[in-house]
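This is what each chain is made of:
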There are 2 protein chains.
Amino acid sequence: MTLEAALKPGDTIGVLGGGQLGRMIAMAAARLGLKTHVFSHHPGEPACQVSAAATVAEWTDEAALARFAEAVDVVTYEFENVPAATAAFLAARKPVRPGPLALEKTQDRLVEKDFLRGLGIPTAPYAAIDNAGALARHIGQLGRPAILKTRRFGYDGKGQFALREGSDVGAAFRALGGAPCILEGFVAFEREVSVIGARGLDGAFAAFDVCENEHENHILSLTRAPAHMAPETAAEAMEITHKILDALDYVGVIAVEMFLVAETDPAGVRRERVVVNEIAPRVHNSGHWTTDGAETSQFEQHVRAIAGWPLGSPKRRGRIEMRNLIGDQVEQWRALLTEPGACLHLYGKAESRPGRKMGHVTRVYP
Amino acid sequence: MTLEAALKPGDTIGVLGGGQLGRMIAMAAARLGLKTHVFSHHPGEPACQVSAAATVAEWTDEAALARFAEAVDVVTYEFENVPAATAAFLAARKPVRPGPLALEKTQDRLVEKDFLRGLGIPTAPYAAIDNAGALARHIGQLGRPAILKTRRFGYDGKGQFALREGSDVGAAFRALGGAPCILEGFVAFEREVSVIGARGLDGAFAAFDVCENEHENHILSLTRAPAHMAPETAAEAMEITHKILDALDYVGVIAVEMFLVAETDPAGVRRERVVVNEIAPRVHNSGHWTTDGAETSQFEQHVRAIAGWPLGSPKRRGRIEMRNLIGDQVEQWRALLTEPGACLHLYGKAESRPGRKMGHVTRVYP
């Protein structure tokens, strides 16, 4: 690590994206004396409300990007669908952390799966689908149920189509607009877990304890830490995360979502393993518990990493539960303010809409 | 409490003053989904870096004050020397919390002492000093050492002159510019302690455990919580704080600085009592430990109070130590980032100067 590559207090972090993840990065940066400059598409977004500066422009606005690069000391993102050209433009001017390689490997589900397979990391069985014919062919091999997903721009269940017995294969492909897809075989998992890991500029690795996640309507609703799993399986999940970070020469926080698969063998012995579902090259909703539940939050950890500073301790403070406040669940705010031990986080979004993440609440049990 | 008087998420808190206290109020407000609009004299001040909006103007700029009042839902301050006319101008337009009465009673040391005496709360012996003759007369009664202080605008030991044996009384009065003063008799204290208390819009009271403070060159250097004192003395300190808050019909967080006086009577029994030194009608440096060391920070508590929301739990998390980083002590930041358990807070000040508060670090011991 060169000293030139490290920030000092008073320096400015440029964040691509103005949502709640950028907001919480900005707040963690501020605690450490760093300023944040947000690049977003709309004024007044959650992150803009707590940042020293904001540039409101499109990803393709090179004049705005150049001014933004000039004004910041490092660039990061809260959102993995930053166009490759935008990332490259910025990377030519200022350090972009995590680097463009992480975006390249995670923006496209097929590229991501191939990358994982190349590292020997277990994934669901999958096949590239470019037309309805390929889908008909592969569904036979992978079996049903299976999930057809667009290769790019999916989140919270968007861009997905479940193929069950009797589902019309042609309709599935058309429903996703005929975009390049990936077909993923079904994994009979016991629970969904994730690892929020971090890698410093010096290559140091740290990870928070594996947590387990519950979704409603494809949107994360509940995270519990630690996850219910055998210590050796948790260690395997950590090792996988470490391997991914090293392979990407990663700097910052990453989220690796996994399926926990448990089988009981004929002798009655329970065997667990993890299968990687998805990588998010950024801070992640399933890491929000760390703000109140760990010695260092995922946001501070990300800031430390991209600033070229030493990683903080990921030690957990107790048994933690994080619930998202989605849509009108945010109306619980008043009751939550009176609940002993509940720690409320609201994102400053003006309007609540169904499925919109409005805030979250953590509860830490000793 | 009327519902009209309470804020809702998305509303805006106007903060008078742009320093680190305003900064930490803004960050606590943001976590709860509230926006902050800072009124300060210089752009880019610590609080401006984390706020949704800033008005940069003088206290006397009524056009700017009117626009500011229009843009916010409640007004608070991080600094007790807001001119009375400014507070009155704003109070005619929006709720000012704590109210102008708190400013009136705490901006002038003589008024403050009279107010405390009126409540039957012990203070150091004192006398009003308007000229050198009065000083000569009263020093005879109060004895030496004694401290001559300007009635207004003193902080961190500024506007003070210690009168010891042999000190020239005329020189003391001239040193303070001939301003109206108060002469305070010496209190032989064992330690300095403070109570950070809060009162809600509904009159509810909460206080953090009494903490003890050490100063260097009249500037707070170290706070420890809890203070070393008998439980009944701590209870007395709480009661005094509660009485002050009620008398001021206060809304928000207050700091009451006290001397702990301990005497051993002829029978060998230790007797403790507290004597109030000073009131600060705002969040306070000696409450910074609460951010990492209590279930609710003083900043969140202040936000809850002025928003008309229920107060949070002030429960302490362990034994806590808070050290200020003053002047070039801020250079310790790099070492502090690697120290297990140390929690670093930097204020985003561009330039370090001797005596300037640049940040602080807390350490929580289980």
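Residues numbered from 1 in each chain as written. Chains lettered and ligands numbered in written order. Predicted model: local features only at pLDDT ≥ 70, side-chain atom pairs only at ≥ 80, totals over all residues.

Colleague: Looking at this model, I keep getting lost on the confidence of the model for chain A. Mind explaining?
Modeller: A low pLDDT score tells you not to read the predicted coordinates there in detail. Predicted confidence across chain A gives a mean pLDDT of 95, with 98% of residues reaching 70 or more. The ipTM assigned to the predicted complex is 0.95, against a pTM of 0.96. (pLDDT = per-residue confidence, 0-100.)

Colleague: Just to check I follow, could you spell out the domain arrangement of chain A for this structure?
Modeller: A common measure of how large an interface is: the accessible area buried when the components associate. On domain assignment, one finds that chain A holds domain 1 (3-96), domain 2 (125-185) and domain 3 (191-365). In this structure, domain 1 of chain A and domain 2 of chain A have C-alpha centres spaced 35 Å apart. (Domains from an automatic or database assignment.)

Colleague: Sorry if this is basic, but what is going on with unusual backbone geometry here?
Modeller: Keep in mind that most residues, glycine aside, have a negative phi and that most peptide bonds are trans. Residues and elements named next belong to chain A. The step from Arg 144 to Pro 145 runs through a cis peptide bond, and the omega angle for that step is 0°. Among the secondary structure elements, Pro 145 is positioned in the loop between helix H6 (132-142) and strand E6 (146-150). For His 218, which is not glycine, the phi torsion reads 70° and is therefore positive. By the element assignment, His 218 lies in the loop between strand E11 (211-216) and strand E12 (219-225). (Helix = DSSP H or I, 4+ residues; strand = E, 2+ residues; numbered from the N terminus.)

Colleague: Teacher, can you tell me more about the relation of the copies chain B and chain A here?
Modeller: One chain copy maps onto the other through a rotation about an axis and a shift parallel to that axis. Expressed as a screw transformation, the operator carrying chain B onto chain A has a rotation angle of 180° and an axial translation of 0.0 Å, and the superposed copies differ by an RMSD of 0.0 Å. What the rotation and shift describe, once combined, is the action of a two-fold rotation axis. Using C-alpha coordinates, one finds that chain B approaches the rotation axis most closely at Val 50 of chain B, a distance of 2.1 Å. Mapped onto chain A, 100% of the interface residues of chain B again fall at the interface, so both copies present the same surface. (Least-squares fit on C-alpha atoms with pLDDT ≥ 70 in both. Contact = placed C-beta atoms within 7 Å.)

Colleague: Could you clarify how one ought to interpret the packing of helix H2 (residues 62-71) of chain A against helix H3 (residues 84-91) of chain A in this entry?
Modeller: All names here are of chain A. Put simply, H2 and H3 touch, their axes get as near as 10 Å, and they point 40° apart. In this view, H2 runs oblique relative to H3, as classed from their interaxial angle. As H2 runs across H3, the sense of the crossing is right-handed. Touching Glu 62, Leu 65 and Ala 69 of H2 are Thr 86, Phe 89 and Leu 90, all from H3. Considering only residue class, the contact of H2 with H3 consists of four nonpolar, one polar and one charged. (Axes fitted to C-alpha atoms, helices over the stretch in contact; angles between N-to-C directions. Parallel < 35°, antiparallel > 145°, perpendicular 65-115°, else oblique. Left-handed = near helix turned anticlockwise from the far one by under 90°. Nonpolar A, V, L, I, M, F, W, Y, C, P; charged D, E, K, R; others polar.)

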